[in-house]
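# Coordinates in review
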Amino acid sequence: MSSHGSLYNDVSSSGPSYVQTWKGNVTREVSEPHKKNLFLQSLYEGEQKVDPTKKIEDKDLVDSLQEDVRFWTDFSKVHYHPKSLYEINGLSMDANQFNNYGTGRDVFSEGSRGEEMSERLRFFAEECDHIQGIQFVVDDSGGFSSVAADFLENIADDYTNIPVLLYSARDPRHYIKPMNREDSISRAIHDAVTFSRLSSFCKLIAPIGLPSLSTSEVCSFLHIDDAKPFYSSAVYASALHSISLPFRMAPVGPNADSRYVAGAVDVNGIVQMLSGQGRQNMVAILDVAMPAPLIGGASQRSFQGSLNSLTPDVKEDAEDSYEVESMTIHGALRSGGNHASISEVKDSVTAAYESSGKRPMFSHLSVASCPLPVPLPFPSIFGNCVGQHGELLGSPIPGSLPRRSSLDVHSVPMAARLRSSNAVLPFLDKRLSNLRKFGMDRGAAGIGLLQNWGFAKEEVDEMGESLAKLVLALNPYSQDSSDSD
């Protein structure tokens, strides 16, 4: 893929450069380009308007995508603006070696990279009439966590009053058991340092990525292969699409509701809602129901009862009288498969709270009539109890394969929720305890590693303090409370 997109005539000037004073021999190393899979070939042929008799069938594309996706560019059909993509060149390591916070240290600040990346963001910011906030997604499992932390620090300096909503994501392969104790310590320190650094430069952070998505409750009606990021990324992207839908709702009328949407809110509104009340917790849990249940269905499952966490290390049975949530439901269906109205969705949510007798301290609900579209090249992840419009069926479809593709399932009703809850305490405690055990205690095994990553003792102590404050915000009676007195 070209970093300049394909809709523009912005030709890169990075041609071969020659040092005029060099008189010796020159050796040129050229790697073979990755072969386009069948899906990308079909896009190219569509643009070129080739012989229609040679048209590739959609079924062949679906089969190809299940086996031939290695990179995100293998299934992307978006035309990118020339300034949307930035390539990091000149690293003396491959992607597999770029696997911890230390490997990404100084990448942002080397040469003119930082300014070039900031300039690309500035270009789009200046195109906006009003910036409601910045949504930032980062794979925090490797060196990009360090690059992202430096970039976020730069954003915090340049856009002081603009809230940043950060999703830190990782795929299930990150949780593969380390080969030895040294790798285990490195990973534990990486997770603690990464979360501490990233959370320092945003207003709200939602960690995403389960150790085994395929065996989680999230996938009750899905078939996921944890070894394929193509599958897990589809679930995470669907959840992010759903939870951010209120940001894209256009307010209409005095109450900002219509027969198609209700509960519009911007990024700053969500941030203030979840992190600006009471104890001011900035770590949110992301839950999803994919597909969302039918209203009045035989299973009698509520929207709230169908939501399951995509955030790891969460205590599901936690009791929290200060819980705050923002829930989005879109494309909901009634029993029988007909679309539910906005009012029917609201009534269903209210009834579920009343019947359970359990309700958060504050709850915001956004509703939209449009479902999640399932276009080609969406992966074949739906079970054979999921109908054409995402309706949950009582039994498997006769003669259907275990996995259903976008040719079989055209859209899906969705429910997603961001919540501020003490259920995230195990996630925070794990990172705080690991940082202390391996990086702060006297004679800790990871002190040398942190020094190699460029952290002085004072910086490590500051990271420990910031993690302790996050724990104290949710549990003022923890051991850290007495330590800080």
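## A word on the pattern of salt bridges
- Counting across every chain of the model gives 18 salt bridges.
- Among the ionic pairs, R122 bridges to E119, the shortest N-O distance being 2.6 Å. Linking R122 with E119, this pair stays in helix α3 (residues 113-127), spanning three residues, or about one helical turn.
- Using a relative accessible area of 23% as the deciding quantity, one classes R122 as partly exposed.
- Here D171 ties to R173 by a salt bridge, and the two come within 3.1 Å at their closest N and O atoms.
- Taking relative accessible area as the criterion, D171 reaches 17% and is therefore assigned buried.
- In this structure, a network of salt bridges that share partners links the residues D287, E316, E325, R417 and R419.

## Observations regarding the environment of P229
- Assignment of secondary structure puts P229 in helix α6 (residues 229-243).
- In this structure P229 comes out as partly exposed when scored by relative accessible area, which is 28%.
- Taking the C-alpha atoms as reference, P229 lies 22 Å from G104; in sequence the two are 125 residues apart.
- Look past the residues within four positions of P229 in its chain and what remains in contact with it is D171 and R173.

## Focus: the packing of helix α5 (residues 181-199) against helix α12 (residues 457-474)
- In the contact formed by α5 and α12, the axes pass within 10 Å of each other and the chain directions differ by 75°. As judged from the angle between their axes, α5 and α12 are roughly perpendicular. Two secondary-structure elements touch here, α5 through A192, V193, F195, S196, R197 and S199 and α12 through M463, S466, L467 and L470.
- Looking at side-chain class alone, the contact of α5 with α12 contains six nonpolar, three polar and one charged residues.

## Observations regarding the sheet that holds strand β11 (residues 414-420)
- Here we have six strands laid out as an open sheet, ordered β4-β8-β7-β11-β5-β6, and mixed in their pairing. Edge positions in the open sheet fall to β4 (261-262) and β6 (308-309), since each of these has one partner strand only.
- In this structure, strand β5 (residues 285-289) lies alongside β6, joined through two bridges in antiparallel fashion. Across the sheet, the residue bridging to D287 is S309, located in β6.
- Along the sheet, α6 contacts β5, β7 (324-330) and β11; its crossing angle with β11, the most-contacted strand, is approximately 75°.
- Along the sheet, helix α9 (residues 342-356) contacts β4, β7 and β8 (362-368); its crossing angle with β8, the most-contacted strand, is approximately 150°.

## Considering unusual backbone geometry
- Here the bond from M290 into P291 is cis, since omega is -5°, no more than 30 degrees from zero.
- Checked against the element boundaries, P291 lands in the loop between β5 and α8 (303-306).
- Omega for the bond connecting L376 with P377 falls within 30 degrees of zero, at 25°, which places this linkage in the cis form.
- Structurally, P377 is set in the loop between β9 (372-373) and β10 (411-412).
- Its identity as a non-glycine residue notwithstanding, D106 has a phi of 75°, on the positive side.

## Re α5
- An ideal rise of 1.5 Å per residue puts 27 Å on 19 residues; α5 measures up with 27 Å between its terminal C-alpha atoms.
- N-capping of α5 is provided by N180, with a side-chain oxygen placed 3.2 Å from the backbone N of E182.

Parameters and conventions
- Residues numbered from 1 in each chain as written.
- Predicted model: local features only at pLDDT ≥ 70, side-chain atom pairs only at ≥ 80, totals over all residues.
- Heavy atoms only, no water.
- Salt bridge = Lys/Arg side-chain N within 4 Å of Asp/Glu carboxyl O.
- Helix = DSSP H or I, 4+ residues; strand = E, 2+ residues; numbered from the N terminus.
- Buried < 20%, exposed > 50% of the residue type's maximum accessible area, 1.4 Å probe, protein only.
- Contact = heavy atoms within 4.5 Å.
- Axes fitted to C-alpha atoms, helices over the stretch in contact; angles between N-to-C directions.
- Parallel < 35°, antiparallel > 145°, perpendicular 65-115°, else oblique.
- Nonpolar A, V, L, I, M, F, W, Y, C, P; charged D, E, K, R; others polar.
- Pairing = 2+ DSSP bridges.
- Expected span 1.5 Å × (residues − 1).
- Polar contact = N/O pair within 3.5 Å; in protein donor to acceptor, adjacent residues only side chain to side chain.

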